[in-house]
Amino acid sequence: MAKKPRPATPRVIVTRRLPPNVEARMAELFDTVFNIGDVPMDRAALTRAMAQCDVLVPSVTDHLDAALIEAAPERLQLIASFGSGVDHIDLHATRQKGIIVTNTPGVLTEDTADMTMALILSVPRRLAEGEKLVRSGAWTGWSPSGMLGHRIGGKRLGIIGMGRIGRAVARRAAAFGLSIAYHNRHRLPFEVEQELQAHWHGDLDSLLAGSDIVSIHCPLNADSRGMIDVRRIALMRSDAYLINTSRAEITDEPALIAALAEGRIAGAGLDVYTHEPAVDPRLLDLSNVVLLPHMGSATIEGRDATGARVIANIRSWVDGHRPPNQVLEGWV
């Protein structure tokens, strides 16, 4: 396929509001159109945007399926996604169309690991329940049997997906006295396992059955979608907790809700939901679940770094180079 000419000052359309300094820099460098209202674009709006730009800057709320990509005119040459995940983009369709896709890996690792660790602490120690009790005015004071939870020191943390974030979580968890087990597509080198004091489980079922806390950190793809299903949730112990700051679709959400409601697992900490921003009302009624509004990576520093990576990818492409964070089909 012949290379298309790259404009010196590309028209860039950004689908969501970005940090002010990021938008200011993009406005300086490119012919940039921003989504001032910050309302997620529907399918018609995305179609119009893709027809009017050389570079589209979407986020995880924008689902660019094969039909949308195939309908895009030849003008669209680069999709510079704001975020590390690319499960919202049909990479096969972009490859067939000759559209380059970039992402922003690595910049949100520490932020997401911090939030994961916060959930690992919050759920067994019932922090959300305690905060609600104080606000309700119903708290009658300290008592020996009041608000009892479970300590995490000495427990086993099972990490599903030992990439950047999984490893960052392992480092934090070890400092709290948790032992680390993990399941990964490929076993880590011996030296990395030694550094993290992590034990590999080639069989996911055994990891689930033997863990006090399970934390999900794998990307969403054809292999991981629905991976934590009814059968695998049933393998978890009744005193175990599930933490998910990755992608909701990795779990069978109705099966998880049923297990929580029936006490077949002890609790969960969730930052992602299958139909977000809608949250299943049954989750809202459960006291053994900590619910967060997809804020695992929501730090000022992280968002600024993500924006800088998007800009670097676009500038590299404009200069005729391969963008440093180009995503290839089969990346996940």
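Reading the values: rules and limits
- Residues numbered from 1 in each chain as written.
- Predicted model: local features only at pLDDT ≥ 70, side-chain atom pairs only at ≥ 80, totals over all residues.
- Heavy atoms only, no water.
- UniProt positions renumbered as here; feature names shortened; annotations may be inferred.
- Helix = DSSP H or I, 4+ residues; strand = E, 2+ residues; numbered from the N terminus.
- Expected span 1.5 Å × (residues − 1).
- Buried < 20%, exposed > 50% of the residue type's maximum accessible area, 1.4 Å probe, protein only.
- Contact = heavy atoms within 4.5 Å.
- Salt bridge = Lys/Arg side-chain N within 4 Å of Asp/Glu carboxyl O.
- Patch = residues over 30% accessible without salt bridge, like charges linked within 9 Å, V, L, I, M, F, W, Y side chains within 5 Å.
- Areas by Shrake-Rupley, 256 points an atom, 1.4 Å probe, with all protein chains shown as cover.
- Pairing = 2+ DSSP bridges.
- Right-handed = clockwise from strand over helix to strand, strands pointing away.
- Axes fitted to C-alpha atoms, helices over the stretch in contact; angles between N-to-C directions.
- Parallel < 35°, antiparallel > 145°, perpendicular 65-115°, else oblique.
- Left-handed = near helix turned anticlockwise from the far one by under 90°.
- Nonpolar A, V, L, I, M, F, W, Y, C, P; charged D, E, K, R; others polar.
- Core = buried A, V, L, I, M, F, W, Y, C linked by side-chain atoms within 4.5 Å.

Looking up the chain in an unreviewed UniProt entry gives the name Glyoxylate reductase, with the organism given as Sphingobium indicum. Heading Sequence similarities (unreviewed entry) of the UniProt record for the chain holds this comment: "Belongs to the D-isomer specific 2-hydroxyacid dehydrogenase family."

(A) Just helix H7 (residues 164-175), in detail. Over its 12 residues, H7 runs 18 Å from end to end, which matches the ideal 16 Å to within 8%, given 1.5 Å per residue. Among all positions in H7, only Gly166, Ala168, Val169, Ala170, Arg172 and Ala173 are buried. On its buried side, H7 packs onto helix H5 (109-122), strand E6 (156-160), strand E7 (179-183) and helix H8 (190-196).

(B) View of the pattern of salt bridges. For the coordinates displayed, the defined rule picks out 19 salt bridges. Residue Arg135 pairs with Glu131 through a salt bridge whose shortest N-O separation is 2.2 Å. Of this pair, Arg135 and Glu131 both sit in helix H6 (residues 127-136), separated by 4 residues, roughly a single helical turn. Under the relative-accessibility criterion, Arg135 is labelled exposed at 69%. Using a relative accessible area of 39% as the deciding quantity, one classes Glu131 as partly exposed. With its nearest N and O atoms 2.8 Å apart, the salt bridge here joins Arg187 to Glu193. What emerges from the salt-bridge pattern is a single network uniting Glu110, Asp114 and Arg172.

(C) Main features of the UniProt feature "domain: D-isomer specific 2-hydroxyacid dehydrogenase catalytic" (unreviewed entry) in the chain. Mapped onto the present numbering, the UniProt feature "domain: D-isomer specific 2-hydroxyacid dehydrogenase catalytic" (unreviewed entry) falls on residues 14-327. Taken as a whole, residues 14-327 contains 38% helix and 13% strand, while its terminal C-alpha atoms sit 19 Å from one another.

(D) Up close: a nonpolar patch on the surface. Together, Val134, Trp139 and Trp142 make up a nonpolar patch on the protein surface, roughly 450 Å² of accessible area in all. By the element assignment, Trp142 lies in the loop between H6 and E6. You can call Trp142 exposed: its relative accessible area is 74%.

(E) Summary view of the pairing of strand E9 (residues 213-216). Both faces of E9 are covered, namely the face carrying Ile213 and Ser215 and the face carrying Val214 and Ile216. When E6 meets E9, the two strands line up parallel, connected through 4 bridges. Along E9, the bridge assignment pairs Ile159 with Ser215. Looking at chain direction, E9 and strand E10 (residues 241-244) are connected through 4 bridges and run parallel. Across the sheet, Ile213 pairs through a bridge with Tyr241, a residue of E10. Crossover handedness for the path E9 to helix H10 (residues 230-235) to E10: right-handed.

(F) Spatial organisation of the packing of helix H1 (residues 20-29) against helix H13 (residues 300-318). Here H1 crosses H13 at 15°, and the two axes come no closer than 9 Å. Overall, the two elements H1 and H13 adopt an arrangement that is roughly parallel. Where H1 crosses over H13, the handedness of that crossing is right-handed. Between H1, through Asn21, Val22, Arg25, Met26 and Leu29, and H13, the contact on the second element is made entirely by Arg303, Asp304, Gly307, Ile311, Ile314 and Arg315. Residue classes in the contact of H1 with H13 are distributed as 5 nonpolar, 2 polar and 4 charged.

(G) Expanded view of the UniProt feature "domain: D-isomer specific 2-hydroxyacid dehydrogenase NAD-binding" (unreviewed entry) in the chain. Per the UniProt record, "domain: D-isomer specific 2-hydroxyacid dehydrogenase NAD-binding" (unreviewed entry) is annotated on residues 117-296. Across residues 117-296, helical content stands at 34% and strand content at 16%; the span's end C-alpha atoms are separated by 10 Å.

(H) Geometry of the nonpolar core. Among the nonpolar cores identified, the biggest contains 28 residues, and Ile160, Ile228, Leu260 and Leu283 are the most heavily contacted of them. Secondary-structure elements contributing two or more residues to this core are helix H9 (204-210), E9, helix H11 (253-261) and strand E11 (267-270). Here this core gets 5 residues from one element, more than from any other, and that element is H11. Among residues more than four places away in sequence, those in contact with Leu260 are Ile265, Gly267, Ala268, Leu283, Leu286, Asn288 and Val289. Leu157, Met162, Ala173 and Leu178 belong to the second-largest nonpolar core, a separate cluster that totals 26 residues.

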